Amino acid sequence: MNRKGYYILGGVLLLAFAGFSLASFKQTLTPYVTFAQARELDRTVQVAGGLEKGSAAYDTQSGTLSFNLQDKASGETLRVAYKGLRPANFDDAISIVAIGRFDAKTKEMQAEKLLVKCPSKYQGAEVTKTYGS
Amino acid sequence: MSYLAHLYLPGALTLWCALLFSVATLWGYAAVLRGDESARSFARRAYTFFAVSVVLCSALLLLALARRDFRIEYVQQYSGLDLKWYFQLAAFWAGQKGSFLIWLLWGSLLGLPLRRAAGKAEAPVMGIYTMTLLGLVFILVRESPFVMLGSTPLDGAGLNPLLQDNWMVIHPPIMFVGFAASAIPFSFAMASLWRRQYDGWAARAFPWALGGFLVLGCAILLGGYWAYKTLGWGGYWGWDPVENASLVPWLFGTAMIHGLYMERTRGRFRRANYVFASLTFLSVLYGTFLTRSGVLADFSVHSFVDLGISGWLIGLMGVFIGMAGLLLALRLREVPAAPNSDPLLSRGSALVMATITITVCALVVLVGTSAPLLTRFLKNPGQVGPSFYNRVNLPIALLVALLLGFVPYLTWRGEEPRVLLRKLLWPAAFAVIATVGAAVAGVHEPLHVAFVLLASLALGANLKKTIEKARANGIGRAGGYLAHVGVGVILLGILASSAYDHGAKVTLEQGVPQKVEDLTLTFERSLPRTATQRERMEVKVERADGTSYLAYPKLFMNDRTRQLMVNPYIRSLTLQDVYFSPIEYDPGQAAGGGQTAELAKGQSMRAGDTELRFVDFDLNADGNAMKAMEAGGPMTIGAVLAVNRGGQEQRVRPLYRFRPSGEVESTPASLPGGGMVAVTGINASNGAVRLDVEGLGSAPAQPAKLSLDVTKKPLIALVWYGLYVVLAGGALAATQRLRQALQFDRLPTKPTS
């Protein structure tokens, strides 16, 4: 192969990789959506909200934490189930981001990951912790 | 003038001086460039004064922290009386303003040796370099760390407990040395384009580029340690935006040092190096913008909140993107470039491919990190998680390993495949043995097998070459190969520890053994805090062969914020780490259940058949409390309680002790007829006391429970050892290139090969 051939080959490989990256990007992107959209979309999304007071329950048998996420503006709620340990200070959470997929059968969002923000005395510096893998 | 009244004047003054002198420096060097040679000493002196102002400014902030001068808002926000002295000083870089100041401090200090090292290019290089620092000065003048509060608080808000860690003392300052250093190759590159002096900048910038690469590498290593060893995040790398913000410049810096190597030895990459130097610096600015402007607040574990400086950061970034873009567009075509005439199987071609690969890797991470920003204009902004980075970086890592395996035995003029293979015989044999070993250990996925094969080939080939080169020319010449040995080791460590880690999350009931894979875990007890140790959990770990050891993960409440803190326990073995990360601790309840109440004087509470009434504080429980407080010693306060059980009244006196360090201790008192009462807090404003009563009700006992994440991470130590080797190799190369750069200054001729 001559030099030009190598350049073309290199260019093709780069383009192929760019395509692969773009596809991976689209596939792994978890968009922030509203509760209504989360119920419709059949893909992994993230929703944010506050914890509805008194809605959290932990089932020790199955190791599942379920709670209602409440939209801070509209007050609308979304039931979330998270299989895993109950995050520390969960009841004090001021804001929760749940990443997962809505299950139409159980009418719950099956969360793979929770981002829990707890209040802190520090001005503006809430402490966020991530749970899940 | 109300603005002035709210500033700590000595500090503000030093900042204004820094602004004045940096502008004077620019003015001076501009005059030199117009041909007024007499302005040179003025410009130099102005720069020295600028650096002195910044040093004074930093010293004043440090002094304010040391004196715990809570009148100053920054000191009040990030420090407190309870902090040990080194955390008190480390609060310097705990907030945005202070971290910009330390960046400016290192930047201004680096300018002093740079002024000498820039040689003939002093005026344009120092001019551009000073401009990069001027941006930081502007931000600090605008968002001064010396803003004063209207009153003088008795105590500060304290340092975020997550930051109260020994790594906090060294990791951030080193990171900012790396950030500051990235401006140096950029200044050389821009000055060279601007003045149309296309020769020589590479030789001068090379040691600085290597130095920056080393320092940033060290900082990333320390950050990984911090995350792994004490934060209990489970790994050393989480692809978090803040982590990526330091990785991207490091990757561009890696591409740059390979490009500079090519320029110095072969006269190639002369145009690309300008781009690499620009990208390294601009990615530092961009990362700063991403993590400091608040745009990622909903996406990152630890990005800072918006301070209202987004506009400034965008402006700063815009100026330098504009400068680099303009100069590259106008001048790059003029830069003489040698045509690529290297055959495919030659060192030159391998380096071209390697540099492209590293650049692509940096770009991919950059795009991933920017996802929330890129998708902002779509309907729903989103982010990509670790799975994106892991997936796209796998082919990149494979290609890097492949190139690394061949590059030590490729020559510039090209190599016959046959000759090359003969030279690689021993490394290849080593790679095959390593791969068979890995397959036996459970690595079966084809891509992973290929990964092990190529990474161990890279390790073997570079190790052989390092030894040969060290024997022939001394170890000082083998730095590059040694660094590549380290890359091979890191690649193996990353694959093993991330793709083959395994474990489980378990909840252990106190005293009840539970099996996790081949280990049997028993949560023995919770150990109270001692003078030197935090509260710890004692977990007995029994192996299948009957031997056992005790693990001590830590889980404690921060006294000030009541925030739960965890430190993992790591059992490091040769082949793997066993990682015990505590998740939650439920102390359970003694039989009878517990009850808490806050009582003002005269108020009473009921627990079971018993009534407790808070009578008064006892300030003389252990010497006079007020005097003890004035003397700065521990202060003990007793709570006098009247306990009424079945008509019998008795008095008990649980104690509460404050230490000057901020720690508190509670000594419970037994209740007549069973049960305990302890003081858990005193509310000074209304004279109330918070009580914890146990053992009076009828509820059954609840055992204590500890939730743990237990993970086995095979060969994770290779990641650390590999990075040490990379950094050692880089240090050797930096020394070598520094020597060459100094020679270059003495013999000002055309670049040599």
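These figures come from a predicted structure and were not determined experimentally.

Caption draft 1: Seen up close, the overall build of chain B. Looking only at helices and strands, chain B has 22 helices and 21 strands in total. Dimensions of chain B along its principal axes, counting C-alpha atoms only, are 105 × 75 × 55 Å. Per-residue burial for chain B yields a buried fraction of 53% across its 753 residues. Looking at chain B alone, contacts between residues at least 24 apart form 69% of all its contacts between residues at least 6 apart. With an accessible surface of roughly 32,400 Å², chain B has 62% of that area assigned to carbon and sulfur atoms.

Caption draft 2: Representation of helix α20 (residues 479-499) of chain B in the model. Counted at 1.5 Å a residue, the expected span for α20 of chain B with its 21 residues is 30 Å, and the 30 Å between its end C-alpha atoms agrees. Counting buried residues along α20 of chain B, 16 of its 21 residues qualify, which places the element largely inside the surrounding structure.

Caption draft 3: Spotlight on the packing of aromatic side chains. All names here are of chain B. Applying the stated criterion across every chain, the model contains 36 aromatic pairs over all chains. Measuring from ring centre to ring centre gives 4.9 Å for Y74 and Y78, while their planes differ by 45 degrees; the resulting arrangement is tilted. Of the two residues, Y74 and Y78 both sit in helix α4 (residues 73-78), four residues apart, roughly one turn of that helix. For Y74, a relative accessible area of 3% translates into the label buried. Its relative accessible area of 24% is what places Y78 among the partly exposed residues. Aromatic rings pair up to connect W167, Y225, Y228, Y236, Y579 and W720 into one cluster. The positively charged end of R571 is found above the aromatic ring belonging to Y549, 4.1 Å away from the centroid.

Caption draft 4: A look at the sheet that holds strand β20 (residues 688-694) of chain B. Strand order in the open sheet formed by four strands is β11-β20-β19-β18 (chain B), and the pairing between neighbours is antiparallel. Every interior strand has two partners, whereas the edge strands, β11 (594-599) and β18 (669-670) of chain B, have only one.

Caption draft 5: How the structure looks around unusual backbone geometry. The phi torsion at K107 of chain A lies on the positive side, around 55 degrees, for a residue other than glycine. Turning to its location among the elements, K107 of chain A is positioned in the loop between β6 (95-103) and β7 (108-118). Phi is positive for W239 of chain B, close to 55 degrees, though the residue is something other than glycine.

Caption draft 6: Main features of the domain arrangement of chain A. When its domains are assigned, chain A resolves into domain 1 (1-29) and domain 2 (31-117). For domain 1 of chain A and domain 2 of chain A, the distance between their C-alpha centres works out to 39 Å.

Caption draft 7: How the structure looks around the domain arrangement of chain B. According to the domain assignment, chain B contains domain 1 (1-164), domain 2 (427-501 + 716-753), domain 3 (502-576) and domain 4 (602-674). Inter-centroid distance (C-alpha atoms) of domain 2 of chain B to domain 4 of chain B is 65 Å.

Caption draft 8: Helix α13 (residues 310-331) of chain B, seen in detail. In this model, α13 of chain B (22 residues) spans 31 Å end to end at C-alpha, consistent with the 32 Å of a helix rising 1.5 Å per residue. Structurally, α13 of chain B contributes buried residues whose contacts are with α6 (96-117), α7 (122-142), α9 (183-194) and α12 (272-292) of chain B.

Caption draft 9: Local environment of the packing of helix α18 (residues 425-440) of chain B against helix α19 (residues 446-473) of chain B. Residues and elements named next belong to chain B. Running from amino to carboxyl end, α18 crosses α19 at an angle of 145 degrees, the nearest separation of the two axes being 8 Å. Seen from above, α18 lies across α19 with right-handed handedness. Between α18 and α19, the residues in contact are P427, A428, F430, A431, V432, A434, T435 and A438 and V449, V452, L453, S456, L457, L459, G460, A461 and K464, respectively. Considered class by class, the residues forming the contact of α18 with α19 number 13 nonpolar, three polar and one charged.

Caption draft 10: Main features of the environment of Y7 of chain A. Residues and elements named next belong to chain A. Its place among the elements puts Y7 in helix α1 (residues 3-28). Using a relative accessible area of 49% as the deciding quantity, one classes Y7 as partly exposed. As for Y7 and A111, which are separated by 104 residues in sequence, their C-alpha atoms are 46 Å apart.

Caption draft 11: Inspection of the state of the cysteines at higher detail. All names here are of chain B. Under the counting rule described, the total for this entry stands at zero disulfides over all chains. No disulfide involves C218; its sulfur sits 20 Å from the nearest other cysteine sulfur, which is in C361. Under the relative-accessibility criterion, C361 is labelled buried at 12%.

Caption draft 12: Structural view of a nonpolar patch on the surface. On the surface, Y6, L9 and L13 of chain A together with L344 and M353 of chain B cluster together to form a nonpolar patch covering roughly 440 Å² of accessible area. The element contributing the most residues to the nonpolar patch is α1 of chain A, with three residues. Relative to the assigned elements, Y6 of chain A resides in helix α1.

Caption draft 13: Layout of the environment of E415 of chain B. For E415 of chain B, the location among the structural elements is in the loop between α16 (386-406) and α17 (417-423). For the pair E415 of chain B and I637 of chain B, spaced 222 residues apart in sequence, the C-alpha separation works out to 83 Å.

Caption draft 14: Quick peek at the pattern of salt bridges. Residue and element names in this part refer to chain B. A full pass over the atoms with the stated rule returns 23 salt bridges over all chains. Of the charged contacts in the structure, one is a salt bridge between E122 and R44, with a shortest N-O distance of 2.6 Å. Within this pair, whereas E122 is found in helix α7, its partner R44 is found in helix α3 (residues 39-66), the two being separated by 78 residues in sequence. Residue R44 is classed as partly exposed on the basis of its relative accessible area, which comes to 35%.

Caption draft 15: Seen up close, the nonpolar core. Residue and element names in this part refer to chain B. Counting 150 residues, the largest nonpolar core has W103, L104, F188, M190 and Y274 as the members making the most contacts within it. If you tally residues by element for this core, the top one is helix α10 (residues 201-231), at 18 residues. With sequence-adjacent residues up to four places away left out, Y274 is seen in contact with A189, S192, L193, Y198, W201, L328, L332 and V335. With 22 residues, the next largest nonpolar core counts L599, M605, A625 and V652 among its residues.

Caption draft 16: Representation of the side chain of R347 of chain B within the structure. All names here are of chain B. In this structure, R347 sits in helix α14 (residues 347-369). Looking at R347, its side chain comes within polar contact range of the main-chain oxygen of L410, at 3.2 Å. Setting aside residues no more than four positions away along its own chain, R347 makes contact with Y261, V407, P408, L410, T411, W412 and Y481.

Caption draft 17: Summary view of the environment of G150 of chain B. Residue and element names in this part refer to chain B. Note on placement: G150 falls in the loop between α7 and α8 (166-181). G150 gets classed as exposed once you look at its relative accessible area, which sits at 83%. Spatially, the C-alpha atoms of G150 and H6 are 7.5 Å apart, while their sequence positions differ by 144 residues.

Caption draft 18: Broad picture of empty space enclosed by the protein. Residue and element names in this part refer to chain B. According to the stated counting rule, one finds six cavities of 30 Å³ or more in the structure shown. Size it by volume and the largest cavity reaches roughly 110 Å³. If you go around the largest cavity, you meet 15 residues; those closest to its centre are S182, A209, G212, F213 and T280. Listed by contribution, the elements that provide at least two residues to the lining of the largest cavity are α8, α10, α11 (241-266) and α12. The element best represented in the lining of the largest cavity is α10, accounting for five residues. Empty space within the second largest cavity amounts to approximately 80 Å³. W103, G107, Y129, T132, L133, L136, A180, A183, F281, L285, L316 and F320 together form the lining of the second largest cavity. Per-element tally for the lining of the second largest cavity: the top contributor is α7, with four residues. Of the residues in the lining of the second largest cavity, the class split is ten nonpolar, two polar and no charged.

Caption draft 19: Spatial organisation of the sheet that holds strand β10 (residues 576-586) of chain B. All names here are of chain B. The strand order across the open sheet formed by four strands is β2-β21-β10-β9, and the pairing between neighbours is antiparallel. Sheet topology places β2 (502-509) and β9 (569-572) at the edges, where each strand pairs with a single neighbour. Strand-to-strand, the axes of this sheet are offset by a mean angle of 20 degrees, without reference to chain direction.

Caption draft 20: Main features of the confidence of the model for chain A. Scored by pLDDT, chain A has a mean of 79; 82% of the residues are at 70 or more. Across residues 120-129 of chain A, where pLDDT falls below 50, the model places 30 contacts with residues more than four positions away in sequence or in other chains.

Criteria and thresholds
Residues numbered from 1 in each chain as written. Chains lettered and ligands numbered in written order. Predicted model: local features only at pLDDT ≥ 70, side-chain atom pairs only at ≥ 80, totals over all residues. Heavy atoms only, no water. Helix = DSSP H or I, 4+ residues; strand = E, 2+ residues; numbered from the N terminus. Buried < 20%, exposed > 50% of the residue type's maximum accessible area, 1.4 Å probe, protein only. Contact = heavy atoms within 4.5 Å. Areas by Shrake-Rupley, 256 points an atom, 1.4 Å probe, with all protein chains shown as cover. Expected span 1.5 Å × (residues − 1). Phe/Tyr/Trp six-rings, centres within 6.5 Å; stacked < 30°, edge-to-face > 60°. Lys NZ or Arg CZ within 6 Å of the ring centre and 35° of its normal. Pairing = 2+ DSSP bridges. Domains from an automatic or database assignment. Axes fitted to C-alpha atoms, helices over the stretch in contact; angles between N-to-C directions. Left-handed = near helix turned anticlockwise from the far one by under 90°. Nonpolar A, V, L, I, M, F, W, Y, C, P; charged D, E, K, R; others polar. Disulfide = S-S within 2.5 Å. Patch = residues over 30% accessible without salt bridge, like charges linked within 9 Å, V, L, I, M, F, W, Y side chains within 5 Å. Salt bridge = Lys/Arg side-chain N within 4 Å of Asp/Glu carboxyl O. Core = buried A, V, L, I, M, F, W, Y, C linked by side-chain atoms within 4.5 Å. Polar contact = N/O pair within 3.5 Å; in protein donor to acceptor, adjacent residues only side chain to side chain. 1 Å grid on protein atoms, 1.4 Å probe; cavity = no way out; pocket = protein on both sides within 12 Å on 5 of 7 lines; lining within 4 Å. Points joined across faces, edges and corners; volume = space filled by probe spheres on them. pLDDT = per-residue confidence, 0-100.

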